[in-house]
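Close look at the chain arrangement
What follows is the residue order along each chain.
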2 protein chains.
Amino acid sequence: MNPNSILQVRSFNRLVAERIGALDDRFLQANRPMNESRLLWEIGANGEELRVLRDRLDIDSGYLTRVLQGLERQGLIKIRTSPADRRVRRATLTQSGLKERLKLDKRSDDLAIDILETLTERQRRLLLSAMEQVERLIQASMVHFDIEDPGHVDAEWCFRHYFKELNARFENGFNPEQSISADADELVPPKGLLLVVRLRGEAIGCGALKFHGKQFAEVKRMWIIERMRGLGIARRLLRALEECAAEAGVRQLRLETNQTLHEAIALYKSYGFSEVKAFNAEPYAHHWFQKPVETRRGSPART
Amino acid sequence: MNPNSILQVRSFNRLVAERIGALDDRFLQANRPMNESRLLWEIGANGEELRVLRDRLDIDSGYLTRVLQGLERQGLIKIRTSPADRRVRRATLTQSGLKERLKLDKRSDDLAIDILETLTERQRRLLLSAMEQVERLIQASMVHFDIEDPGHVDAEWCFRHYFKELNARFENGFNPEQSISADADELVPPKGLLLVVRLRGEAIGCGALKFHGKQFAEVKRMWIIERMRGLGIARRLLRALEECAAEAGVRQLRLETNQTLHEAIALYKSYGFSEVKAFNAEPYAHHWFQKPVETRRGSPART
DNA sequence: ACGAAACGTTGACTTCAGTCAGAGAATGAA
DNA sequence: TTCATTCTCTGACTGAAGTCAACGTTTCGT
């Protein structure tokens, strides 16, 4: 890695940490313990279950209880047992709790305004677009892949969006019924596997393998959410799938794709797939590709 | 302020705080209290005086003492009385202290590498240049102006660089002796004043006024360090000087400048100065400008 | 030479953050 | 029905962060 690049990133980190130091300060300056602020924030206008809060803020349950009791004593929240599951408790903001939360909100706005207001209109535009750029690229570095059951809610969410997109892009629409199957049971080891792409716990894409013995595996269900495209995530997903195939001892990857999916075709070609003649009767396909499985050094299977 | 701009900044802040959140983690993960880490870092390879540390980290002096004693007990630092001023104490890293500091250093590098390594070369270039852009523009919003004595070390530092630059840019060099005076005593109230531009406590520019009764004030010593140009800082400095003039009841600003200083001339014109015929005999000047002093609403005199 | 100011140290706090073990109530699965 | 699991709360901690006042030493300005 280029040392100057590292220095640039570090210098950026330092500055931003200092300036946005509001990292904590957004909450800290509020003249109330940070965890109280974080909780007021996370409870939100509609209330939230304690177990969700505990999970989101990664707080010890005993500790959470006490901080919440503090907030309740201050009259900022109410805690009630959930009617649906009486083990579960749910916190909601009171009127004054909502007001406190608005103050936090305002503090965030003020910080943003403070940064923007000294700049000229042109500088402001430059800053915002540079920020967006940084944001997207940093997000790309936060993406990770998890092996997941196809029945998982995130997996189903991805499939729905994937089908919807195919339906919109294909010349004559897309109906999964008519396509070669990749059913839930085919995407679970040992018959296959499904990777869900996540960013901060939120699903943003998927990709699957359907094994055919050691001879070859089909790549299926490659999809990345629109707003995260162009960041090389699909390529990393492909590499992760190839690693999985390699681990399973599979010798070849195969896939077919539709002519309207230009980006995908470009990706497969540049990744090392070669176009071959049709090896199946997938009605929606115009191109068939294959590639020998390689184990790439230095590429972590799942990150 | 445009609400979408605010949202973009907030979203950026959130992400970066989370990702760089290593802000603390850089120090925290180190499995040692954060302030210990921060101190190891700030003491640096050459040691540092306690009063400087206290100032930089904004730590209570009693607290500082105790944390440092902790570090000394761990054999990471030594604290000695400064020979120059025996009130002052100075902390220096021991061998193992240096090693610990290297670990922190490595942690920073790792974070940077972690962000960069998943990206393609092209994305990496994009990210770095966007980061630089963000950094510069955010810095612009952190700049502030202080009234300072011309004898102050920062002021002298600025003057030296200012003269050096004039000497390099003027056709026949520049010798302050031959120029119309703006001596130290002329830049102190009530005869005049000096503003030093600072970024995080570090001087990056200056600008001065030399009063001639209520009738007019001369703008002198306008200079911004090269790397911070193009960010509208000089314009804000000019406005700050104008505010000072307004407060002093002065009716007009005047200045003269050399033809090689294109940016300055462009700034003065666009700021509202009009070129007039020579009102003094400054040997280095080619252009003379003046402008009536206005009080601009909503513009903080010194930020 | 004297008083004010600067610099550091100590003691005696308070408040936050975070951990761990144990126990009770509700729920779900066999 | 029983038993394991989930969810929450309590008690009893440790350790870090941060504040305040008092005091001693050294230096500086006059």
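Values in this document were obtained by computation on a predicted structure and should not be read as measured data. (Residues numbered from 1 in each chain as written. Chains lettered and ligands numbered in written order. Predicted model: local features only at pLDDT ≥ 70, side-chain atom pairs only at ≥ 80, totals over all residues. Heavy atoms only, no water.)

Another aspect to go through is the relation of the copies chain A and chain B. In this arrangement, two copies of a chain are superimposed by a rotation about an axis accompanied by a shift along the axis. Mapping chain A onto chain B calls for a rotation angle of 180° and an axial translation of 0.1 Å; the resulting RMSD is 0.4 Å. The transformation just described matches what one would write down for a two-fold rotation axis. In terms of C-alpha distance to the rotation axis, chain A has A130 of chain A as its closest residue, with the C-alpha 2.4 Å off the axis. Interface overlap between copies is the fraction of interface residues in one copy that are interface residues in the other; for chain A against chain B it reaches 100%, indicating a shared surface. (Least-squares fit on C-alpha atoms with pLDDT ≥ 70 in both. Contact = heavy atoms within 4.5 Å.)

Pairing is antiparallel across the open sheet formed by three strands, whose spatial order is β1-β3-β2 (chain A). On the outer flanks of this sheet lie β1 (48-49) and β2 (77-81) of chain A, each paired with one strand and no other. (Pairing = 2+ DSSP bridges. Helix = DSSP H or I, 4+ residues; strand = E, 2+ residues; numbered from the N terminus.)

Quick look at the protein's contact with DNA strand C now. With respect to spatial proximity, 20 residues lie near DNA strand C, and among them R86 of chain A together with R51, R54, Q69 and R89 of chain B are the closest. Backbone atoms, meaning sugar and phosphate, form 67% of the atoms of DNA strand C found within 4 Å of the protein. Here M34 of chain A contributes a backbone N or O atom positioned 3.4 Å from a phosphate oxygen of DNA strand C. Side-chain polar atom of Q69 of chain B to a phosphate oxygen of DNA strand C: 2.3 Å apart, as the coordinates give it. For the surface near DNA strand C, the secondary-structure elements that each account for two or more residues are α3 (34-43) and α5 (61-73) of chain A together with α4 (50-57) and α5 (61-73) of chain B. The biggest single contributor to the surface near DNA strand C is α5 of chain B, with five residues. (Near = heavy atom within 4 Å. Polar contact = N/O pair within 3.5 Å; in protein donor to acceptor, adjacent residues only side chain to side chain.)

What follows covers the packing of aromatic side chains. Under the defined criterion, the tally for this structure stands at 18 aromatic pairs over all chains. Ring-pair connections join several aromatic residues into one group, and the members of that group are Y162, F163, F170, F174 and Y284 of chain A. Over the face of the ring belonging to F159 of chain A we find R221 of chain A, whose NZ or CZ atom lies 5.2 Å from the ring centre. A cation over an aromatic ring shows up here: R101 of chain B above the ring of W41 of chain B, its NZ or CZ 4.4 Å from the ring centre. (Phe/Tyr/Trp six-rings, centres within 6.5 Å; stacked < 30°, edge-to-face > 60°. Lys NZ or Arg CZ within 6 Å of the ring centre and 35° of its normal.)

The subject of this paragraph is the interface of chain A and chain B. With 54 residues of chain A at the contact, the number on the chain B side is 54 residues. Both faces combined, the contact of chain A with chain B buries some 5,300 Å², and carbon together with sulfur accounts for 70% of it. Seen at the junction of chain A and chain B, the total is zero salt bridges. One can count six residue pairs in polar contact (both at pLDDT 80 or more) joining chain A with chain B. (Buried area = accessible area lost by both parts, 1.4 Å probe. Salt bridge = Lys/Arg side-chain N within 4 Å of Asp/Glu carboxyl O.)

Bringing the domain arrangement of chain A into the picture now. Segmenting chain A into domains produces domain 1 (3-116) and domain 2 (144-292). For domain 1 of chain A and domain 2 of chain A, the distance between their C-alpha centres works out to 38 Å. (Domains from an automatic or database assignment.)

In most cases, non-glycine residues show a negative phi, while peptide bonds are predominantly trans. Positive phi outside glycine occurs at R221 of chain A, with the angle close to 60°. By secondary structure assignment, the location of R221 of chain A is in strand β7 (residues 216-224). Positioned with a positive phi, D58 of chain B is a non-glycine residue whose angle comes to about 55°. On the secondary structure map, D58 of chain B appears in the loop between α4 and α5. Overall, the relative accessible area of 69% leaves D58 of chain B in the exposed class. (Buried < 20%, exposed > 50% of the residue type's maximum accessible area, 1.4 Å probe, protein only.)

Quick look at helix α6 (residues 95-117) of chain A now. An ideal rise of 1.5 Å per residue puts 33 Å on 23 residues; α6 of chain A measures up with 32 Å between its terminal C-alpha atoms. Regarding α6 of chain A, the residues found buried are G97, E100, L104, S108, L111, A112, I115 and L116 of chain A. (Expected span 1.5 Å × (residues − 1).)

As a further point, take the sheet that holds strand β10 (residues 287-292) of chain A. All names here are of chain A. Pairing within the open sheet is mixed, and its seven strands lie in the order β4-β5-β6-β7-β8-β10-β9. Two strands close off the open sheet at either side, each with one partner strand: β4 (144-147) and β9 (274-276). Strand-to-strand twist in this sheet, taken as the mean axis angle between neighbours without regard to direction, amounts to 30°. Bridge count between strand β5 (residues 192-199) and strand β6 (residues 202-212): eight bridges; the pairing is antiparallel. Counted as the bridge partner of L199 is E202 from β6. (Axes fitted to C-alpha atoms, helices over the stretch in contact; angles between N-to-C directions.)

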